[in-house]
Structures are given as C-alpha cells and as structure tokens.
Amino acid sequence: MMSFIKPEIKIDESFYKVEEIRQLTDETFSLKLPKARFAFKAGQHISLGIKGDYQSREYSIYSGANDENLEVLVKEVENGYFTPKLRKLKAGDLVEVHGPFGKFGIEQKDAETGKFVFIASGTGIAPFRSMVRTYPELDYTLIHGVRYSHEAYDKHEYTNDRYILCTSRDKKGTYNGRLTNYLKGCTFAPKTHFYLCGNSDMIFDALEILKDKGFERDQIHCEVYF
Amino acid sequence: MQKKRNIQTGADQKFPSFGGVRRGLSFSPPSEGSGEARRVAFKTLGCRLNQYETDALVTDFSSAGYQLVELNQSPDVVVVNTCTVTNQSDQKSRTTISQAARANNNAVVVVTGCMANNFKEKLENQDNITFVVENNRKSSILSLVDAHFSGEILHPNQLPQDVFRYEPVRQSLHTRSALKIQDGCDNFCTFCIIPMVRGRAVSRSVESVLENVRKTIDNGFREIVITGVNIGRYEYEGHRFEDLLEKILEVPGDFRVRISSLEPDGFGDRFVELFQHQKLMPHLHLCLQSGSDKTLLRMRRMYDVDQFRKTVNRFRSVYPDFNFTTDIIVGFPGETEEEFQETLAAVREFNFSHVHTFKYSVRKGTRAERLENHVPEKVKNARSLQVRQLSEENRMKFLKIFVGKEQQVLIEKIVQGTAYGYGESYVPVRFRADGVQKNTVRRVKLLDLKGEGENMYLTGEII
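Here is what the cut-offs are and how they apply
- Residues numbered from 1 in each chain as written.
- Chains lettered and ligands numbered in written order.
- Predicted model: local features only at pLDDT ≥ 70, side-chain atom pairs only at ≥ 80, totals over all residues.
- Heavy atoms only, no water.
- Core = buried A, V, L, I, M, F, W, Y, C linked by side-chain atoms within 4.5 Å.
- Buried < 20%, exposed > 50% of the residue type's maximum accessible area, 1.4 Å probe, protein only.
- Domains from an automatic or database assignment.
- Contact = heavy atoms within 4.5 Å.
- 1 Å grid on protein atoms, 1.4 Å probe; cavity = no way out; pocket = protein on both sides within 12 Å on 5 of 7 lines; lining within 4 Å.
- Points joined across faces, edges and corners; volume = space filled by probe spheres on them.
- Helix = DSSP H or I, 4+ residues; strand = E, 2+ residues; numbered from the N terminus.
- Nonpolar A, V, L, I, M, F, W, Y, C, P; charged D, E, K, R; others polar.
- Pairing = 2+ DSSP bridges.
- Axes fitted to C-alpha atoms, helices over the stretch in contact; angles between N-to-C directions.
- Buried area = accessible area lost by both parts, 1.4 Å probe.
- Salt bridge = Lys/Arg side-chain N within 4 Å of Asp/Glu carboxyl O.
- Polar contact = N/O pair within 3.5 Å; in protein donor to acceptor, adjacent residues only side chain to side chain.
- Phe/Tyr/Trp six-rings, centres within 6.5 Å; stacked < 30°, edge-to-face > 60°.
- Lys NZ or Arg CZ within 6 Å of the ring centre and 35° of its normal.

## So, the nonpolar core
Move 1: In this structure, F241, L245 and I259 of chain B are the most contacted members of the largest nonpolar core, which totals 62 residues.
Move 2: Split by domain, this core shows at least three residues from each of two domains, domain 2 (175–281) and domain 3 (295–401) of chain B.
Move 3: Not counting residues within four places of it along the chain, the set of residues in contact with I259 of chain B comprises I226, I231, F241, L245, F271, F275, L280, H283 and L284 of chain B.
Move 4: With 27 residues, the next largest nonpolar core counts F128, L142, Y163 and C197 of chain A among its residues.

Here it is as structure tokens:
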C-alpha cells in the first residue's frame with residue numbers, strides 16, 4: 001500500500017495496532033499487524049512486546065517483504081508467560097515491535113538461479129513462507145515436520161510438488177514419520193542451499209544427516225527456535 | 001551528606017538546556033574556597049568496552065580540570081562503571097557501589113554501565129547513589145556532574161543518547177587505548193543479556209573511527225585495541241569490518257593494532273591476509289563458548305565446532321604461532337557430561353593460551369532462563385575448575401613455543417628495574433629495564449618461562 005506520510009515526518013515506529021488474530025489451529029495463530037514503513041528481508045525476525053508488559057520475545061516474520069501486513073506465527077505454550085497473553089490480544093491492541101534482526105535470508109542473486117531446500121519443524125515454517133511470498137519464482141522444496149497434518153499452516157499457499165509434509169503422529173502427511181527420517185532417504189543437487197528452522201534437536205540431527213550426505217556446513221543456514 | 005538528589009521529571013519541571021553544560025563550555029570552578037581541583041575516582045567492572053568508556057571519561061574529566069584519584073583518596077565524584085554479564089558481575093558491581101559510597105560519604109556517586117540498564121529502577125531507589133546513567137548516555141557524565149556542582153537541575157534522562165560521543169582517549173588508566181567502533185548486538189544468543197542492556201547493533205562511521213585513531217596516536221598511544229560488543233558485525237554504509245580494519249592499518253604512524261573479543265563467524269580469507277600487515281598483532285580472542293555442537297545450538301550460536309576448527313587451522317597454517325584465547329561457558333542448561341567432555345577436547349585441540357571460563361548463570365529475560373535441565377552449581381564449579389586447569393596447561397605449552405624466539409614488546413610498566421609488557425602475540429614478557437621507558441616498544445629475545453598458572457610469563461633480554 002502506498003504511504004502518504006512524508007519521509008521527513010518522524011512517527012513512533014515501535015508500536016503497532018493489532019489488525020487480526022488469525023487462528024490456524026487450536027494452539028497456533030498468526031498475529032497480523034499493519035506493515036506501515038517496516039522494511040525487512042525475508043527470513044529476518046522481530047522482537048515483539050505487549051504494551052505495558054516488560055517481557056518480549058523474538059519471532060520470525062511470517063509475511064512476505066512486499067505484503068500489506070506484518071505477520072508472525074505463534075504457537076501458544078501451555079502455562080507459558082507470553083504466548084497466552086499474545087493470544088488474548090484483540091484488534092486495536094498495541095504491541096511493540098523492534099527489528100528487523102538477523103542474517104537468515106537469501107541473497108537476491110541466489111534467489112534468481114539457486115536451488116533451495118527449506119527444512120522446518122512446527123512454526124519454524126514462518127521464515128520460509130516469508131521467503132516464498134517474497135520471491136515468487138523461487139526454486140524450492142519445503143520439508144515441514146509436524147505432529148499432526150492439521151498443523152500444516154497455510155498449506156494451500158504452496159504447490160503440492162514443492163511442499164512435503166512429514167507427520168509423526170498421524171498418517172495424513174506426504175510422509176508418515178519424523179522429518180529427519182524422511183531427510184535420510186532424500187537426494188539433493190550438489191549446490192543446493194539448505195535452510196533449517198525449528199527446534200535445536202531437529203536442527204542438530206538434520207545438520208548431521210546433510211553433512212553425512214557430503215554437504216558443506218557453509219551451504220547450510222540455521223535459525224534455532226525454542 | 002551529598003548522595004541522593006531528588007529530581008522531578010514532571011512536565012512542569014524546567015530543565016536547563018543541555019548545550020550550556022557540555023564539557024569544557026561551562027565548567028564550574030573547583031571545590032568552593034579550597035582552590036584545589038575537584039577529585040574524581042573511577043571503578044570499572046567487566047569488559048574491555050567498559051574499560052574503554054571509562055578511559056574516555058577519564059580523559060573528559062581530566063580535560064575539565066578534575067584530579068584523578070583512587071577511591072580511598074576522598075574523591076568528590078565516584079563513577080562506578082558496572083557489569084551485568086553474570087550473577088557474579090552483578091554481585092561485584094553491587095559490592096563496589098556500596099564500598100565506594102560508604103567510603104566517600106560526601107561524594108557524588110554516579111552508577112553507569114550494563115547493570116545500571118538492567119536494574120535501573122532498583123538502583124535509582126538506593127539512597128547511596130546520586131545518579132544512575134544508562135549506557136547510551138554514559139558519554140555525557142561530565143555534563144551531569146558539572147551541572148550538579150553548578151546547582152543546575154539536570155536529570156540523566158536529559159542527557160543525549162549517543163554511544164559514540166566519546167572523545168579520543170588522552171589520559172588513560174592503561175597503556176593501550178581501546179577504540180570503540182560498534183555497540184550493541186542483534187544475535188540474541190539464548191544466554192546473553194547484552195542485547196537488552198547495550199541495545200541493537202550500531203556501527204560508528206568510518207570517518208569518526210579514523211579520526212579517533214589519528215587523535216589517539218597523536219595523544220601518544222602506541223597500541224590501539226579495536227573494541228565493541230560484536231565488532232565482526234561492523235557495517236557502516238557498505239563498509240564491513242575487514243574494510244574498516246584495512247583503513248585503520250593504513251593510517252600513518254608508529255602504532256600497532258589489536259582486535260578485542262570477536263565472534264567466530266563470517267570471516268573470509270581477506271581477514272586472514274590482513275594479519276600480514278605488521279601493525280596488526282597476531283592474536284584473537286575468539287569466543288567458542290562450548291565445544292559441543294548440541295550446546296552451541298541451544299545457545300543459539302550460529303557456527304559449529306568444525307567451522308571454528310577451520311578458522312583456527314586457516315590462521316595457524318599461515319601464522320603457526322598465532323595466539324587464540326577464548327570464552328567458555330560451563331554448565332549451560334542441558335549440558336551433559338559428554339557435551340562438557342567435548343568442550344574440554346576442543347580447548348585442548350585449539351590450544352587456547354587463555355580460557356576465560358564462565359559458570360552459566362541465569363540472566364532474567366533471556367531465552368536460556370526458560371530452558372529445562374539447569375545444571376547444579378556443584379557440577380558447574382567442578383567443570384569450571386577442570387577448564388581452568390586445562391587452560392593453565394595450555395598456557396604453559398603455548399608460551400614455551402616462544403622460548404628462544406623474539407618479540408616486539410610494548411612496555412606497560414617498570415617496577416624495580418624490571419620492565420613488564422606484552423609481545424606482538426599477546427604473550428607477557430619481563431626483562432631488565434636498562435635504559436628503557438614505559439610506552440615504548442623494544443625487541444626482546446625470550447629466554448625462559450617463569451611463574452605459575454595464569455601468572456606465567458616469559459623472561460627475556462633486549463636485543
């Protein structure tokens with residue numbers, strides 16, 4: 001959306017009004033904010049706080065760099081401090097955003113010619129949705145590990161041949177079992193760029209598998225979630 | 001009793017304009033009636049960046065006519081530059097504040113540094129502290145103190161926020177002068193409080209850095225230590241760390257350059273090649289933190305041990321005596337005995353000449369606070385001891401390499417006819433101080449290894 005605010009006018013760029021809480025599963029939702037002047041590169045994360053609360057958390061950006069909204073993907077942690085509060089937010093409530101941060105991203109030149117494999121567990125899919133929406137011509141395969149098939153967040157946005165859903169607790173995925181077991185049976189082109197995002201155990205195991213397949217650590221980019 | 005100054009910050013409170021009290025512009029006369037200069041004492045805790053900032057403040061206060069004294073010499077002003085990186089740092093900072101305030105009842109007590117950010121409200125409520133100044137306003141402490149003595153009402157929040165406002169160091173508490181090129185960090189390692197207390201990563205302009213280098217050399221320093229929170233991530237208008245470093249090395253003059261603590265990611269061959277420059281000293285404090293890939297992931301460190309190994313090997317293939325020192329955290333949540341053994345193996349393999357060992361301590365608000373499987377204190381103590389012992393063994397092995405070799409030693413002090421200094425490789429050297437002066441560089445032939453543990457040093461003679 002075009003902004004009519006003159007660049008020389010300083011506005012408070014830290015606080016954003018919540019536009020929508022988009023429920024994706026019973027536990028997971030996306031928090032939609034106006035993008036306004038917020039500029040970022042797909043793959044980066046923000047620090048998110050709730051007005052009046054002293055704590056903040058980091059979230060990868062779920063929306064594309066050119067989308068109208070700034071979106072993050074949140075899974076509510078049972079008995080957690082922060083995510084239940086985020087979930088209770090309503091349209092119009094204020095959140096504090098700092099960033100963007102991080103170097104987990106794709107070089108423009110690679111985006112045009114490279115082959116990408118995105119490996120995500122759970123909400124670790126967030127930066128990859130951002131990348132796919134930002135670079136529509138991207139040559140990618142997205143391997144997404146979840147427990148149940150309904151956790152395939154916004155699955156319809158990816159074409160079937162590019163999205164591989166690994167489900168460990170039901171049999172409705174492309175592959176029924178752990179993501180890392182699926183990965184063991186895969187072959188990839190030698191110059192593939194690998195991007196891993198999710199919990200540290202998944203990343204550790206996936207790194208080992210990829211290194212065993214002969215890929216260099218420099219080809220593999222990681223973003224750890226907790 | 002001086003101490004607490006009740007300053008209202010309400011909208012109806014009129015503050016004097018800041019411009020009128022900037023250093024040197026309206027400095028009030030020394031202690032009324034005494035005819036003597038006011039006296040200031042500094043106490044610094046923590047990292048080299050804090051030391052640099054204190055040194056810059058020392059220069060500021062000295063330029064304004066203050067006399068630099070020790071804490072026990074009845075200063076009019078005490079500045080405590082605190083640290084909050086571990087629980088122990090908090091404790092030391094608290095103790096220092098209490099001791100400084102108790103011993104100097106009439107002094108203005110200014111508390112600044114990372115702990116001042118982390119516990120601002122708590123410290124502001126302490127009666128023994130006059131002012132609490134956040135890191136990003138630290139460079140203007142002289143103005144605050146000056147305003148206080150002039151009877152003006154100035155709240156620390158009215159000081160400008162600028163992390164690079166420091167003047168080049170002229171009078172220092174050290175022989176080397178640090179130079180701040182960067183502040184803050186965006187890495188969000190799960191154990192680290194620094195992004196919360198130092199803020200987001202920000203880099204100083206190339207021109208400002210170079211001007212500072214030139215002035216620091218003009219001020220007589222022979223060694224500059226490039227410092228910051230995460231200097232490898234320096235980025236200013238397309239100039240990265242290597243670009244800046246090359247420009248610093250090109251500044252004319254007889255000086256040498258050291259790099260302070262560095263994160264082990266993102267260097268290329270160009271960085272290695274820069275060490276061929278005779279001004280750049282062959283030593284890096286490269287922060288490994290753990291020798292276990294699993295632990296590194298939980299710490300959210302973006303490298304693995306093999307990448308670290310490649311960096312070390314790359315340097316030592318070109319410069320065999322290259323000195324690496326490091327930081328290690330023991331007892332990080334979930335660290336198993338096996339993972340700890342991997343750390344010991346890494347410390348042994350990389351032959352660090354010094355390991356700065358930290359026992360993990362919870363920092364409120366960090367991600368690691370919420371991790372499971374926190375390690376008992378007893379286990380942390382035992383692991384810390386093992387790393388320190390290994391570090392001492394390494395140190396001996398590393399220093400032995402230099403026996404029979406030569407080093408250019410910068411003399412830091414001369415005590416009872418013995419000169420103390422550090423060679424290019426950051427090895428401690430002592431030799432007879434015949435006809436030599438502090439802050440000069442001498443070529444020394446290294447003859448023997450003496451001392452024990454971390455106090456081990458090389459002895460030598462001037463060639």
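Moving on from the model shown.
## Thoughts on empty space enclosed by the protein
Move 1: The tally for this structure, following the rule as stated, stands at one cavity of 30 Å³ or more.
Move 2: Within this model, the largest cavity holds a volume of roughly 50 Å³.
Move 3: Forming the boundary of the largest cavity are F204, L207, E208, K211 and R217 of chain A together with D293, L297, Y303 and D304 of chain B.
Move 4: Considering each element in turn, the lining of the largest cavity owes the most residues, four residues, to helix 5 (residues 200–212) of chain A.
Move 5: Taken together, the residues that form the lining of the largest cavity break down as four nonpolar, no polar and five charged.

## Some words on the sheet that holds strand 5 (residues 56–60) of chain A
Residue and element names in this part refer to chain A.
Move 1: Taken together, four strands build an open sheet; the order of strands is 1-7-4-5 and the sheet is antiparallel. Here the strands that pair on one side only, and so sit at the sheet edges, are strand 1 (15–17) and strand 5. Here the strands of the sheet are splayed against their neighbours by 40° on average, with no regard to which way each runs.
Move 2: For strand 1 and strand 7 (residues 94–101), the ladder comprises three bridges, and the chain directions are antiparallel. Note on strand 7: the bridge partner recorded for K17 is L94.

## A closer look at the domain arrangement of chain B
Residues and elements named next belong to chain B.
Move 1: Under the domain assignment used here, chain B contains domain 1 (11–158), domain 2 (175–281), domain 3 (295–401) and domain 4 (406–462).
Move 2: Taking the mean C-alpha position of each, domain 1 and domain 3 sit 35 Å from one another.
Move 3: Contacts between the two partners involve six residues from domain 1, matched on the other side by four residues from domain 3.
Move 4: Summing both sides of the interface, domain 1 and domain 3 together bury roughly 380 Å²; the carbon and sulfur share of this comes to 42%.
Move 5: It is V85, T86 and N87 that lose the most area in domain 1 upon contact with domain 3, and together they represent 80% of the buried surface on that side.
Move 6: Taken together, the links from domain 1 to domain 3 amount to one salt bridge.
Move 7: Among the salt bridges present, the one from D90 reaches R363, with a minimum N-O distance of 2.8 Å.
Move 8: Along the contact surface separating domain 1 from domain 3 lie four residue pairs in polar contact (both at pLDDT 80 or more).
Move 9: Looking at side-chain class alone, the side of domain 1 that touches domain 3 contains one nonpolar, four polar and one charged residues.

## Remarks on the sheet that holds strand 16 (residues 406–415) of chain B
Paired through their backbone hydrogen bonds, the strands of a sheet run either parallel or antiparallel.
Residue and element names in this part refer to chain B.
Move 1: In space, the five strands of this closed barrel follow the order 16-17-18-20-19, with mixed pairing throughout. The sheet shows a mean angle of 50° between the axes of neighbouring strands, direction not considered.
Move 2: Relative to strand 19 (residues 441–450), strand 16 runs antiparallel, the two sharing five bridges. Directly across from Q407, in strand 19, lies its bridge partner V444.
Move 3: The sheet contacts of helix 13 (residues 377–400) involve strand 18 (428–432), strand 19 and strand 20 (457–462), and relative to strand 19 the element is tilted by about 125°.

## Notes on the interface of chain B and chain A
Move 1: With 18 residues of chain B in contact, the opposing surface of chain A contributes 17 residues.
Move 2: Of all residues in chain B, the largest losses of buried area upon contact with chain A belong to F188, L297 and R300 of chain B, amounting jointly to 31% of the total for that side.
Move 3: Linking chain B to chain A there are five salt bridges.
Move 4: The closest approach of N and O atoms between D304 of chain B and K211 of chain A, which form a salt bridge, is 3.2 Å.
Move 5: Where chain B meets chain A, there are five residue pairs in polar contact (both at pLDDT 80 or more).
Move 6: Those elements giving two or more residues to the side of chain B that touches chain A turn out to be helix 10 (293–298) and helix 11 (305–318) of chain B.

## Some thoughts on the environment of L154 of chain B
Residue and element names in this part refer to chain B.
Move 1: Tracing the chain through its elements places L154 in the loop between helix 5 (141–149) and strand 6 (177–180).
Move 2: L154 gets classed as buried once you look at its relative accessible area, which sits at 3%.
Move 3: The spatial distance from the C-alpha of L154 to the C-alpha of L144 is 6.5 Å, given a sequence separation of 10 residues.

## Comments concerning unusual backbone geometry
Move 1: Here the bond from G99 of chain A into P100 of chain A is cis, since omega is 5°, no more than 30 degrees from zero.
Move 2: Relative to the helices and strands, P100 of chain A is located in strand 7.
Move 3: Unusually for a residue other than glycine, A36 of chain A sits at a positive phi of about 50°.
Move 4: You will see that N351 of chain B, though not glycine, has its phi angle at about 45°, which is positive.
Move 5: Tracing the backbone through its elements, the reader meets N351 of chain B in the loop between helix 12 (337–350) and strand 15 (354–359).
Move 6: Exposure remark for N351 of chain B: the relative accessible area of 16% places this residue in the buried category.

## Brief notes about the packing of aromatic side chains
Residue and element names in this part refer to chain B.
Move 1: Inspection of the entire model under this criterion finds 38 aromatic pairs over all chains.
Move 2: Relative to F350, the ring of F308 lies with its centre 5.2 Å away and its plane at 45°, an arrangement referred to as tilted. Of this pair, F308 sits in helix 11 while F350 is found in helix 12, placing the two residues 42 residues apart along the sequence.
Move 3: Classification of F350 as buried rests on a relative accessible area of 0%.
Move 4: Put simply, the rings of F241, F267, F271, F275, F315, Y319, F322 and F324 touch in pairs and so form one group of aromatic residues.
Move 5: We note R430 situated over the ring of Y457; from NZ or CZ to the ring centre the distance is 3.6 Å.

## Section: the domain arrangement of chain A
All names here are of chain A.
Move 1: For chain A, the assigned domains read domain 1 (15–101) and domain 2 (108–225).
Move 2: A C-alpha centroid distance of 23 Å is found between domain 1 and domain 2.
Move 3: Counting each side, the surface lost to burial between domain 1 and domain 2 is near 1500 Å², with a carbon and sulfur contribution of 49%.
Move 4: Taken together, the connections running from domain 1 to domain 2 amount to five salt bridges.
Move 5: E27 serves as the salt-bridge partner of R147, at 3.4 Å between the closest nitrogen and oxygen.

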